[in-house]
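A look at the structure
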Amino acid sequence: MPGLLQAPDSKFGSVKFVYALAAEFVGVMLFTFAGTTTPVGTTSTQTGTATGSGNNATANWAPWGNGMSLAVLVYITANISGGHLNPAVTLATIFTGHISIVKGIAYIFMQITGACFGVLMVAGLVPGTYIGMGNNGTGCFNTGAGITLGMLFGWETVMTFVLVSTVYAVAIGEPSFGVVGPFAVGLSLFAMVFAGSQFTGTAINPARALGPAIVFHCHWNVIWLYVIAECVGGVIAGMLAGPLYGVGSPWLKRMLPWIKETEVVDANGNVVDKSHPSKKESEQNEIYDTTGTDGGLSPLYAGKPDSGVAHGINGNNPQGLTTLV
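Residues numbered from 1 in each chain as written. Predicted model: local features only at pLDDT ≥ 70, side-chain atom pairs only at ≥ 80, totals over all residues. Heavy atoms only, no water.

**Description of the nonpolar core**
Membership of the largest hydrophobic core comes to 28 residues, with the highest contact counts inside it found for Leu70, Val164 and Leu189. Secondary-structure elements contributing two or more residues to this core are α1 (9-37), α2 (62-81), α3 (87-95), α5 (149-172), α6 (181-196) and α8 (220-245). The dominant element in this core, judged by the number of residues it contributes, is α5, at 8 residues. When residues no more than four places from it in sequence are discounted, the contact partners of Leu189 are Phe31, Asn66, Gly67, Leu70, Leu163 and Ile204. Grouped together as the second largest cluster of nonpolar side chains are 12 residues, Phe141, Ile147, Leu152 and Ile223 included. (Core = buried A, V, L, I, M, F, W, Y, C linked by side-chain atoms within 4.5 Å. Buried < 20%, exposed > 50% of the residue type's maximum accessible area, 1.4 Å probe, protein only. Helix = DSSP H or I, 4+ residues; strand = E, 2+ residues; numbered from the N terminus. Contact = heavy atoms within 4.5 Å.)

**Comments concerning the packing of aromatic side chains**
A full pass over the atoms with the stated rule returns 5 aromatic pairs. An angle of 70° between the planes, with centres 4.9 Å apart, marks the rings of Trp64 and Phe190 as edge-to-face. Here Trp64 is found in helix α2, whereas its partner Phe190 is found in helix α6, with 126 residues between them in sequence. Assessed through its relative accessible area of 19%, Phe190 is described here as buried. Between Phe141 and Tyr226, the aromatic rings sit 6.1 Å apart at their centres with planes inclined by 50°, giving tilted as the arrangement. Of the two residues, Phe141 sits in the loop between α4 (101-125) and α5 while Tyr226 sits in helix α8, which places them 85 residues apart along the sequence. Judged by its relative accessible area of 1%, Phe141 falls in the buried class. Among the aromatic residues, those joined into a cluster by ring pairs are Trp64, Phe190 and Phe194. (Phe/Tyr/Trp six-rings, centres within 6.5 Å; stacked < 30°, edge-to-face > 60°.)

**Observations regarding the confidence of the model for the protein**
Mean pLDDT for the protein: 77, with 67% of residues reaching 70 or above. No element of the protein has a lower mean pLDDT than strand β3 (residues 286-288), at 33, and none a higher one than helix α7 (residues 206-216), at 96. Every residue in residues 275-325 is under pLDDT 50, and counting partners more than four places away or in other chains gives 176 contacts. (pLDDT = per-residue confidence, 0-100.)

**A closer look at the state of the cysteines**
Tallied over the full model, the rule gives 1 disulfide. Note on cysteine connectivity: Cys140 is disulfide-linked to Cys218, with sulfurs 2.0 Å apart. Judged by the sign of its S-S torsion, about -95°, the cystine formed by Cys140 and Cys218 is left-handed. Linking Cys140 in the loop between α4 and α5 with Cys218 in the loop between α7 and α8, this pair joins segments that are 78 residues apart in sequence. (Disulfide = S-S within 2.5 Å.)

**What to know about the packing of α7 against α8**
Here α7 crosses α8 at 165°, and the two axes come no closer than 9 Å. Put simply, α7 runs roughly antiparallel to α8. The two elements α7 and α8 cross, and the hand of that crossing is left-handed. Residues Pro206, Ala209, Leu210, Ala213 and Ile214 of α7 lie in contact with α8, whose contacting residues are Trp220, Ile223, Tyr226, Val227, Glu230 and Cys231. Looking at side-chain class alone, the contact of α7 with α8 contains 10 nonpolar, no polar and 1 charged residues. (Axes fitted to C-alpha atoms, helices over the stretch in contact; angles between N-to-C directions. Parallel < 35°, antiparallel > 145°, perpendicular 65-115°, else oblique. Left-handed = near helix turned anticlockwise from the far one by under 90°. Nonpolar A, V, L, I, M, F, W, Y, C, P; charged D, E, K, R; others polar.)

**Describing a nonpolar patch on the surface**
Residues Leu149, Phe153, Trp224, Ile228, Val232, Ile236, Met239 and Leu240 make up a contiguous nonpolar surface patch of roughly 690 Å² in combined accessible area. Broken down by secondary-structure element, the contributors of at least two residues to the nonpolar patch are α5 and α8. The element that contributes the greatest number of residues to the nonpolar patch is α8, accounting for 6 residues. Take Val232: it is sitting in helix α8. (Patch = residues over 30% accessible without salt bridge, like charges linked within 9 Å, V, L, I, M, F, W, Y side chains within 5 Å. Areas by Shrake-Rupley, 256 points an atom, 1.4 Å probe, with all protein chains shown as cover. Salt bridge = Lys/Arg side-chain N within 4 Å of Asp/Glu carboxyl O.)

**What to know about the environment of Pro212**
Mapped onto the fold, Pro212 is located in helix α7. Aside from chain neighbours lying at most four places away, what touches Pro212 is Val119, Gly139, Cys140, His217 and Cys218.

**A few points about unusual backbone geometry**
Despite not being glycine, Leu85 has its phi angle at roughly 60°, a positive value. Structurally, Leu85 is set in the loop between α2 and α3. Judged by relative accessible area, which is 1%, Leu85 ranks as buried. Positive phi outside glycine occurs at Thr202, with the angle close to 55°. On the secondary structure map, Thr202 appears in the loop between α6 and α7. Residue classification places Thr202 among the buried residues on the basis of a relative accessible area of 4%.

Set out below in structure tokens:
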């Protein structure tokens, strides 16, 4: 018996979108919980204080905990929601037209809500942690010693740019990297946390920055800059990736004359690829069935505009969202 993800959208389109929102909520909730409770060591600034010094110094496991948990959760959610799990990724795909504005806003709302619930889990399960505890809250992001607001903005912008660029390179762009995509995204987070945790804590995710701030009421004097920098880094990544990998936004297409319209939607609502010439027009059209049961190892998102056709990491059409990680 086929599952929900293999059912035709005409029957369960709205249900699939609800499941997509639920996947983003649960995914970010678990990612926030796992990333927040990972031992941060003496060089991380996620708690705002050092955990040891000298011979008592502890290892920084934050890159491992955050990178691996993101990769695992993207694998879990990719075929359901596309596995964004980050408002910066969603904002970039809104900008490049790979997801509609309404769907994107719904995603971002669920991501931030999920992050808050993830921190509530921390407050309930970690001893000595409670709601409204202030700047000492577990997982609160703050700048390291000597880091100015300008440095904070630069670090978070650059690191978010790297993460979102990886998403476009391995999942949106063609040729893609198929089932390796989520692992590459997690690896990019691993690298950035390794590089920047001692300077900013490496949020590179507006939901991860806002979750602890909302629940613990911590570091609001800088959290706003985290969010702005991460959104800027994501949009810049989308702007630079668009000319390379294609866009779904009509106004961007007019600015990129080398991008030709190779896909049209036929009378049945299927996306027809006209990029492969042949003797007969009927033979040159590659039909992407909206039921998404092609069974191929297509990327998280095969680069299609927001037409209701999306592919998961195994070629499934999760719920009609043209999104990926």
